[in-house]
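Geometric and topological summary
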There are 2 protein chains.
Amino acid sequence: MKLNENYKNVEESYLFSLVATKVSQYTKQHPEADIIRLGIGDVTLPLPQPAVNAFLEGAAQQGKSESFHGYGPEQGYLFLREAVRDYYESFGVHIDTEDIFISDGAKSDVGNILDLFDKDNTVLIPDPVYPVYRDTNVMAGRDIRYLNANMENGFLPLPDPSQKADIIYICSPNNPTGAAYSREQLKAWVSYAKEQEAIILYDAAYEAFIQDPDLPRSIFEIEGADTCAIEFCSLSKTAGFTGTRCGYTVVPHTLEREGMSLRKMWLRRQTTKFNGVSYPVQKAAAAVFTPEGLKACREHIAVYRENTRIMAETLKRLGIWFVGGKNSPYIWLKCPFGMQSWEFFDFLLEKANIVGTPGSGFGKNGEGFFRLTGFGKNEDTQKAMDRLQNLL
Amino acid sequence: MKLNENYKNVEESYLFSLVATKVSQYTKQHPEADIIRLGIGDVTLPLPQPAVNAFLEGAAQQGKSESFHGYGPEQGYLFLREAVRDYYESFGVHIDTEDIFISDGAKSDVGNILDLFDKDNTVLIPDPVYPVYRDTNVMAGRDIRYLNANMENGFLPLPDPSQKADIIYICSPNNPTGAAYSREQLKAWVSYAKEQEAIILYDAAYEAFIQDPDLPRSIFEIEGADTCAIEFCSLSKTAGFTGTRCGYTVVPHTLEREGMSLRKMWLRRQTTKFNGVSYPVQKAAAAVFTPEGLKACREHIAVYRENTRIMAETLKRLGIWFVGGKNSPYIWLKCPFGMQSWEFFDFLLEKANIVGTPGSGFGKNGEGFFRLTGFGKNEDTQKAMDRLQNLL
């Protein structure tokens, strides 16, 4: 019996548990404190009503013989894949329904896609970034190279032609920095990936927050990406599905390496190790893409966007450097007075009763930075920014 | 870029598509034929009403801010893990809630659990069996040895002490044969696994069909199994969740190898590559384990059981050898007149308009055998058996 020894190399992330511990210690000592949480990465608004209605209908169908749905297609129901295809079409991207795979969320697929690759590949991952990219590759024993994201490149690193790469992670708009790549920058990545014969794993989980029409919402807006990229997307942030669970992954049928079709491999992986997403959840997800559903989502996103607008204005007034916000629910700021990430965390908690997330928890280049999120309430965010203004 | 070349070695299974093609060809030529399908592996009765009610309540909660559930625990909500714990307790097995992991179905976990093991392990798989065990290991490039299940051992192979093994698959009651291991037989497997320092991956997806009180419903009824086994279970067949998706996996905290805790490894795997099951689905699943839920499930299972009783009686009368049926929704019979599996398939389809599943599709030892399932309607099953009686 040999276990997968690579698990010994996965570092435990104590980021959010340490945040929770510090906050609970503080509130124990200061029970009167009115804590405002701007560190939360989860949505707070409920599912849009059209999705709830469809969800209820689907659940009721499961209770009657004549409308009951047993095993569904592992790849997802065609009605939902067509809805996703039409959604892509709405911003000018043509995707075949056979290339769309419905999942229980982007996190599952981002992790499971690695089944398709040999251990022996060079992986390129930005730093700082969503820790799942790193951890899933450490668990598989792969060689990881980091891309330095920093103030100089606006936390949007570009390819270094001398760097070898087989698998490239891009998250845009980025978690945690909120920075989003322009069309020209993504073109550079696609061109580099093609030279390297690498595959880009593109995480578009925050695409719905993009409001600047010049910014691409999908890697497939870039010519040639269909021969070098896989895209992951999620309804978690678009439509509040964090606890309802539904996402989708696009593996173009034109994507081939070593004479093998990645789409066929992924289909084989999913039909063998997955059994599809709950039918009522797929009904709810399809309702998100109706005109009423999209309208309701836009209204929810507008609430979150107002929060990032409030935060951005305050930071500008205070002369604090930041990226993100406009096209993302995240704002990534440089800690004032040259503070380290955790130092600023303690400072904000003690002096202003505001909770945020220390940037150092997302990679070494995150040290000295701090993440604020727009998922709170407008009035709380305003109050927190008033406190920050008074404090600094 | 190196792809996972093991995918080239996974044989395409054309079993169910070939069945579908043959049936559609036949009905095209004989549009008047009254086909009865006894090959289906999916349930036909809807979700039990208590589960539907809880599902609707959960979906409605997701539409209101005050009751909305965002990201839940990756391991599953405690309310459901407690319900699963109490269910095990009802047949005398004590499991800690921390050892229970809620999943979107046994198929996902049975596949994903292999992440915890090195490529270099010897895998023991019964033949015939559910193809996922074989395919997931072929995809990982592991060395597979097959356990011969046949008429001599009643399709319940026992360990051969001279055979080395690291990972052992047991499915009881078995898919496709319906044969179920006795307590003594499982003791032999646990004792062998401990000698080999192997781990048993125990698939208990059909445990709810066991009616013989002497047969164990969980591997954890056997002393010592908590140091050598992982158990997978599902609500698919227990409560009609095939299209609603929920299951659970038990990884005992007492299960260790090479100084590593398998429970901790699985927790790490799930927190990194999974984001929990839809909250309303977990609500529905918890309702299955209430007294009303269990009563409704028993009523549904009684319908399926009546089908297998009807089939078993007919086969006995006809003097056809079979296993399964009593403690399982499957009946596994020896094709009469020495026919091969596909030969009998064609014979039954043409002469009696009955569709079943050729045993050869589940492994080489399945040749000459045939699977019938109890998931149809009582009147259809009776009609099919009347036709069989007249035919033979």
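Everything in this summary refers to the structure shown in the same document. Owing to the predicted nature of the structure, the values given are computational and were not obtained by experimental measurement.

**Some thoughts on the pattern of salt bridges**
Tallied over the entire structure, the rule returns 38 salt bridges over all chains. Across the pair B:Glu5 and B:Lys8 runs a salt bridge, and its minimum N-O distance is 3.7 Å. Between B:Arg217 and B:Glu207 there is a salt bridge, with its nearest N and O atoms 3.0 Å apart. Of this pair, B:Arg217 sits in the loop between strand E6 (199-203) and strand E7 (229-234) while B:Glu207 sits in the loop between E6 and E7, and the two are 10 residues apart along the sequence. Salt bridges sharing common partners tie together A:Asp34, A:Lys383 and A:Arg387.

**Comments concerning the packing of aromatic side chains**
Working definition: an aromatic ring pair is given by the centre-to-centre distance plus the angle between the planes. Here the structure, examined in full by the defined rule, presents 53 aromatic pairs over all chains. For the ring pair A:Tyr77 and A:Phe79, a centre distance of 5.4 Å and an interplane angle of 20° mean the geometry is stacked. Relative accessible area serves as the criterion here: at 14%, A:Tyr77 is assigned to the buried category. Using a relative accessible area of 32% as the deciding quantity, one classes A:Phe79 as partly exposed. Here the aromatic rings of B:Phe155 and B:Trp332 are separated by 5.7 Å at their centres, their planes lie at 75°, and the arrangement is edge-to-face. In this pair, B:Phe155 sits in the loop between strand E4 (143-148) and strand E5 (167-171) while B:Trp332 sits in strand E12 (residues 330-334), placing the two residues 177 residues apart along the sequence. For B:Phe155, a relative accessible area of 2% gives the class buried. Seen from the ring of A:Phe369, A:Lys334 lies directly overhead, with NZ or CZ sitting 5.5 Å from the centre. The ring of B:Tyr330 has B:Arg371 sitting right over it, with the charged end atom 4.4 Å from the ring centre.

**Things to note about the environment of B:Phe375**
Residue and element names in this part refer to chain B. On the secondary structure map, Phe 375 appears in the loop between strand E15 (369-373) and helix H12 (378-391). Spatially, the C-alpha atom of Phe 375 lies 14 Å from that of Met 385, the residues being 10 residues apart in sequence. In this view, Phe 375 contacts Ile 40, Gly 41, Asp 42, Val 43, Thr 44, Phe 209, Lys 237, Tyr 304, Asn 307, Pro 329 and Tyr 330; residues no more than four positions away in its chain are not counted.

Conventions and cut-offs
Residues numbered from 1 in each chain as written. Chains lettered and ligands numbered in written order. Predicted model: local features only at pLDDT ≥ 70, side-chain atom pairs only at ≥ 80, totals over all residues. Heavy atoms only, no water. Salt bridge = Lys/Arg side-chain N within 4 Å of Asp/Glu carboxyl O. Helix = DSSP H or I, 4+ residues; strand = E, 2+ residues; numbered from the N terminus. Phe/Tyr/Trp six-rings, centres within 6.5 Å; stacked < 30°, edge-to-face > 60°. Buried < 20%, exposed > 50% of the residue type's maximum accessible area, 1.4 Å probe, protein only. Lys NZ or Arg CZ within 6 Å of the ring centre and 35° of its normal. Contact = heavy atoms within 4.5 Å.

Structural measurements only, silent on function.
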